[in-house]
Amino acid sequence: MEENFLSGAFFDVPEELTKWHQVGERLGFDPEDVFDWMVIENGHAIGAYTFRVTREQLGSEKEKQEYDSYIGISSYEPI
């Protein structure tokens, strides 16, 4: 039987989840559990729908630029 399994590493962990997960920890999951995804190639983000929503809720362009810098994104693929 062929396994269909995905994994990802935690980039950031909210304080309330640090009891269970740490930055850099790799977690595996089934493809059916994916509701958002992101690939960053040379600073260009593809996907990242939750990041985009969070970014739009920031107040100023400076905050958005700081957020992008923290994540490592310099541009977004159009949706």
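Look up: the structure comes first, before these words.
Residues numbered from 1 in each chain as written. Predicted model: local features only at pLDDT ≥ 70, side-chain atom pairs only at ≥ 80, totals over all residues. Heavy atoms only, no water.

*Asks:* Describe the pattern of salt bridges, and please don't skip the residues or the numbers.
*Replies:* According to the stated counting rule, one finds 5 salt bridges in the structure shown. Residue glutamate 61 pairs with lysine 64 through a salt bridge whose shortest N-O separation is 3.7 Å. Of this pair, glutamate 61 and lysine 64 both sit in helix α2 (residues 61-71), separated by 3 residues, roughly a single helical turn. Taken together, the shared-partner salt bridges in this structure form one network comprising Arg55, Glu56, Glu61, Lys64 and Asp68. (Salt bridge = Lys/Arg side-chain N within 4 Å of Asp/Glu carboxyl O. Helix = DSSP H or I, 4+ residues; strand = E, 2+ residues; numbered from the N terminus.)

*Asks:* Explain unusual backbone geometry residue by residue, including any values.
*Replies:* Phi at asparagine 42 takes a positive value of approximately 50°, unusual for a residue other than glycine. Topologically, asparagine 42 is positioned in the loop between β3 (38-41) and β4 (44-47). The phi dihedral of alanine 48 falls on the positive side, at around 65°, and the residue is not glycine. Relative to the elements of secondary structure, alanine 48 occurs in the loop between β4 and α1 (49-56).

*Asks:* A description of the sheet that holds β3 should follow, citing residues and the corresponding values.
*Replies:* What links the strands of a sheet is backbone hydrogen bonding, and the strands pair in either a parallel or an antiparallel sense. Read across the sheet, 3 strands follow the order β3-β4-β5 without closing on themselves; strand pairing throughout is mixed. Two strands bound the open sheet, and with one partner strand each, they are β3 and β5 (75-76). One ladder, built from 4 bridges, connects β3 with β4; its direction is antiparallel. What sits directly across from valine 39, in β4, is isoleucine 46. The strands touched by α1 are β3, β4 and β5; relative to β4, the strand with the most contacts, the crossing angle is about 110°. (Pairing = 2+ DSSP bridges. Contact = heavy atoms within 4.5 Å. Axes fitted to C-alpha atoms, helices over the stretch in contact; angles between N-to-C directions.)

*Asks:* Please give an account of the packing of aromatic side chains that cites residues and values.
*Replies:* One pass over the full model with this rule turns up 3 aromatic pairs. Measuring from centroid to centroid gives 5.3 Å for phenylalanine 11 and tyrosine 70, while their planes differ by 65°, and the two rings are edge-to-face. Taken together, the residues span a long stretch of sequence, with phenylalanine 11 in the loop between β1 (6-9) and β2 (26-29) and tyrosine 70 in helix α2 at a distance of 59 residues. Judged by its relative accessible area of 39%, phenylalanine 11 falls in the partly exposed class. (Phe/Tyr/Trp six-rings, centres within 6.5 Å; stacked < 30°, edge-to-face > 60°. Buried < 20%, exposed > 50% of the residue type's maximum accessible area, 1.4 Å probe, protein only.)

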